[in-house]
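Structural overview
So you can see what is in the structure, the chains are spelled out below.
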Amino acid sequence: MNMIVCCKQVIDPEAPPASFKVDSSTNKVVPPPGVPPVISPFDEQAIEAALRIKDAKGGKVTALSLGTKLLRDVVKKPLSMGADELVLLEDDAFADGDSWSTAYALAMAIKKIGDYDIIFCGRQAADWDTGQVGSGIAEILGIPSLTLAKKIEVGDGKARVERLTADGYEVVEVNLPALITVTNELGEARYPTIKGIMAAKRKEPVVWKPADIGADTAKIGTAGRRTKVIKLFQPVIESKCEIIGGDNPEDVAAKLVLKLREAKII
Amino acid sequence: MSDYKGVMIYGEVTEGKLSSIAKELLGCGRKIASDLGQQLSAVLVGSGVGGLAQETIASGADKVYIVDNPLLKDYQTETYVPVMEKVVKQVMPQVVLLGQTTIGRDLAPRLSFRLGTAATMDCVALAIDPASKRLLQTKPVFGGNAQAIFTYDSDPQIATVRAKVMSPMEPDASRKGEVITIDASLDPSTIKTKVLQQVKEEVTGIKLEDAAVIVSGGRGIGGAEGFKQLAELAEVLKGAVGASRPACDSGWMPETAQVGLTGKIVTPNFYLAVGISGSSQHLAGCSNAKTIVAINKDPEANIFKAARYGIVGDWKQVLPAFTKKVKELLAK
Ligand SMILES: Cc1cc2nc3c(=O)[nH]c(=O)nc-3n(C[C@H](O)[C@H](O)[C@H](O)COP(=O)(O)OP(=O)(O)OC[C@H]3O[C@@H](n4cnc5c(N)ncnc54)[C@H](O)[C@@H]3O)c2cc1C
Ligand SMILES: Nc1ncnc2c1ncn2[C@@H]1O[C@H](COP(=O)(O)O)[C@@H](O)[C@H]1O
C-alpha cells in the first residue's frame, strides 16, 4: 500500500478564542503571538488512518504539505508519528491560495510522487473550515473520493470505508486508487515515540518548487484563486451573562430555576 | 457567464421526506431569486422521489426537476455528481444552493471542481450585491472565531448553507409550478463505489435537531456515568442530551450527540452547557439557541460569553440541586 497524506500547517485552532485577531485592512488573520502553529487536527488523524493500514498490511506513507514558512518541527510531526517520507511544496508562489489553487498544486505533486493506492486528507482544514481540497484533488486525478471516513480497511484492491451520515454511518466499498477524507470519529492520533522523534530529526524533507511539479504558475497561489475574500471580520458577541451566586448549591439552583421560570424558559 | 439564469436548490430527501434543510434552502433561494428577478427551481435526486414535487412547489419552487432512478437510492459521490453535472449543464442556473449536510459537504466541492466553477461551504448569510448582482457568501471561518464574505466570478455560484439559519416559507398548497423529469443516464459499470450497509445510531427520545431543550455536557463531566445525570434532567425537561466533541470522542456519548461545527447545529429555546468551556467550534453549533445557561467551575470560561445565565461551580454539586428544584417546580 502506498499512501499519501496531505497535511496542512495551521494556526492552532484550539488557542484561546480571546487570542484570535484579524487585520481588517488586509483581510488576514494575525497569528496569535507565542502560540506555535500545528498540523490541522483532522490531518493528524489522516496520518493515523494511514499508519493503521501500514501497521496491518505494510506499505509506505508519504506526508505532503503545501505552504510558506513551514516550521520543520511542525511539519515533521507525521514523520515522528511513523510516516516514511515528507514532501514540502514550499514557495512564495504557493502562498495565499484557495481550495482551487491548493488542490491543483497538491494534485500535481501527487502525480509526481506517482505510485499511490490511497490519498488521505483531513475532512476540513481547521483554519478556513472548507473541506473542498480533498474532493478537488480526486476530481483532478480522476479517482473516486469518499469523505468523512471514520474507519478504513483495505484488501483485494479495495477499501471498505465507514462514512459518517446524518444519523449514523454507512459502509462503502471503493476500488483503489481512491482519495479518502478522515473525520475525528476515527479516534485519536498516536503520539510520536522518542524513536520516531529522533528519526524525524535526521530525515530531511524533499522540497519542491512550482517548476519541480510542472505547475502552471497562473494556477497556483494567489494567481490561481477563483474566490475572493471581500471582508474578514470578527462577529461581536454581546457579553451579558448574569452570574448567579448564592450561599450553597441549593440556593443557587433555586435562584436559577426562578429566573428561568420568570423568563418563561422552563 | 450571462447565459446562466435562475436559482436552483438541491432538495435533499431523507427517509422519503423533503428534508427541513431543503425547505430552508427554498425559503432563502426564494429571496435571492426575487432579488435577481429570476425563477427558483429545485432538483430532487433519488429513487421514488417524484411524489415530493408538489410539496417542493408549495414550499417555494417555481420548477422542480426530478431525477429518479433505482441506482440513486443511496447517496454516492460517483452517481450524484454526474447527475448534478447533467442537471446543471441542462438548466444553467446562476446560483446553486445545497445544505451543509453529510451529502452537501461531499457533493458541492466535487461538483464545483467538475463544473470548473467554485463553491463556498457552510454559509450563514447570502445576499445579492446590488451593484454587481453577484452572490455575497458569508461563512464562519477559523472555527467560528471570524466570518468571511466570499464572492467569485464564475457561474454557477455554488454554496452550501448551514442548517437552521434560513427560514422556510409558510407552505402554500395552492402554489403552481412545473415538474420536469431528467433522465439519470448512468452507466452502472463506471461506478467505482458500492454502499454495503447503512447503520443508524439513533438515540432514543427526542432528536437533538428538534429538541426545545438540550442538556449538554463536555469534558468536565468526566465520564459516561455523569451523563446519566444530564439525561435525568433532560427527561424532566422533555429535552435531549447533547455533548461536546471530547465527550463523544471519549465514548461517553454517541457520535451523533456531538454539537458544533463538525457535529449538529441546534437551536433549542434552552441550552444548558455543563462542563463545556465554550470553544468557538462548539459555539458554532449552539450559539443560536434562544437562551444558553452555563455551569462551569472556571469563571473565565469562554462559555460565559455566550450564556445568558451562569453558575460558577462544580456541576456535581450544582446539577443535582438544579434537577431537584426543576422537578419540584414542574410537579406543582
Ligand atoms: C476543526 C475543529 C472542529 C471542531 N468541531 C467541534 C465540534 O463540532 N464540537 C465540539 O464540541 N468541539 C469541536 N472541536 C473541539 C473544540 O476545539 C474543543 O476542543 C472542544 O469543544 C472542547 O470541549 P469541552 O468544552 O468539553 O472541553 P474543555 O475545553 O476541556 O472544557 C471542559 C470544561 O469543563 C469545566 N469543568 C471541568 N470540571 C468541571 C466540574 N466538575 N464542574 C464544572 N465545570 C467543570 C472546565 O472548567 C472547562 O471549562 C473542534 C475542533 C477543531 C479543531
Ligand atoms: N496547504 C495544504 N497542504 C497540505 N494539505 C492540504 C493543504 N490545504 C488543504 N489540504 C488538505 O485538504 C484537506 C481539506 O482542506 P480544506 O479544503 O482547505 O478544508 C485538509 O485537511 C488537508 O488534508
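Residues numbered from 1 in each chain as written. Chains lettered and ligands numbered in written order. Predicted model: local features only at pLDDT ≥ 70, side-chain atom pairs only at ≥ 80, totals over all residues. Heavy atoms only, no water.

Around ligand 1, a shell composed of 30 residues is seen, among which Glu14(A), Arg219(B), Ser244(B), Ser277(B) and Asn296(B) lie nearest. Neighbouring residues of ligand 1 are not confined to a single chain but are spread across chains A and B. For ligand 1, a nitrogen atom lies 2.9 Å from a polar atom in the side chain of Asp314(B). For ligand 1, whose free accessible area comes to 990 Å², the fraction covered by protein is 89%. At the level of elements, helix H1 (41–57) of chain A together with helix H6 (245–249) and helix H7 (280–286) of chain B are the ones that each hand at least two residues to the shell around ligand 1. (Near = heavy atom within 4 Å. Polar contact = N/O pair within 3.5 Å; in protein donor to acceptor, adjacent residues only side chain to side chain. Areas by Shrake-Rupley, 256 points an atom, 1.4 Å probe, with all protein chains shown as cover. Helix = DSSP H or I, 4+ residues; strand = E, 2+ residues; numbered from the N terminus.)

Let's shift gears to the sheet that holds strand S13 (residues 193–200) of chain B. Reading across the sheet, the 10 strands line up as S13(A)-S7(A)-S6(A)-S1(A)-S8(A)-S12(A)-S9(A)-S10(A)-S11(A)-S13(B) and stay open at both edges, with mixed pairing between neighbours. Every other strand in the sheet has two partners, leaving strand S13 (206–208) of chain A together with S13 of chain B as the edge strands with one partner each. Within the sheet, the average angular offset between the axes of one strand and its neighbour, ignoring direction, is 30°. Looking at chain direction, strand S1 (residues 2–6) of chain A and strand S8 (residues 118–122) of chain A are connected through 3 bridges and run parallel. Counterpart to Met3(A) in the pairing with S8(A) is Ile118(A). The strands that helix H5 (residues 133–141) of chain A touches are S1, S8, strand S9 (145–155) and strand S12 (178–182) of chain A; relative to S12(A), the one it contacts most, it runs at about 180°. (Pairing = 2+ DSSP bridges. Axes fitted to C-alpha atoms, helices over the stretch in contact; angles between N-to-C directions. Contact = heavy atoms within 4.5 Å.)

Moving on: the site of ligand 2. Residues and elements named next belong to chain A. Neighbouring residues of ligand 2: 17 residues in total, closest Cys 6, Asp 43, Ala 125, Gly 131 and Gln 132. Gly 122 is positioned with one of its backbone polar atoms (N or O) 2.9 Å from an oxygen atom of ligand 2. Put simply, the parts of the chain that give the shell around ligand 2 at least two residues each are strand S6 (60–67), helix H4 (99–113) and S8. When residues in the shell around ligand 2 are grouped by element, the largest group, 3 residues, is from S6. Of the residues contributing to the shell around ligand 2, the split by class is 8 nonpolar, 7 polar and 2 charged. (Nonpolar A, V, L, I, M, F, W, Y, C, P; charged D, E, K, R; others polar.)

With that out of the way, let us pick up the confidence of the model for chain B. Put simply, chain B has an average pLDDT of 96, and 99% of its residues get 70 or more. Confidence metrics for the complex model read pTM 0.96 and ipTM 0.96. (pLDDT = per-residue confidence, 0-100.)

Residue and element names in this part refer to chain B. What the domain assignment reports for chain B is domain 1 (7–190) and domain 2 (208–331). Computed over C-alpha atoms, the centres of domain 1 and domain 2 are 33 Å apart. Taken together, the contact pairs 10 residues of domain 1 with 10 residues of domain 2. When residues of domain 1 are sorted by the area they lose upon contact with domain 2, Gly 143, Arg 162 and Lys 164 head the list and together hold 66% of the total. Run the count over domain 1 and domain 2 and you get 0 salt bridges. For the pair domain 1 and domain 2, the interface holds 6 residue pairs in polar contact (both at pLDDT 80 or more). (Domains from an automatic or database assignment. Buried area = accessible area lost by both parts, 1.4 Å probe. Salt bridge = Lys/Arg side-chain N within 4 Å of Asp/Glu carboxyl O.)

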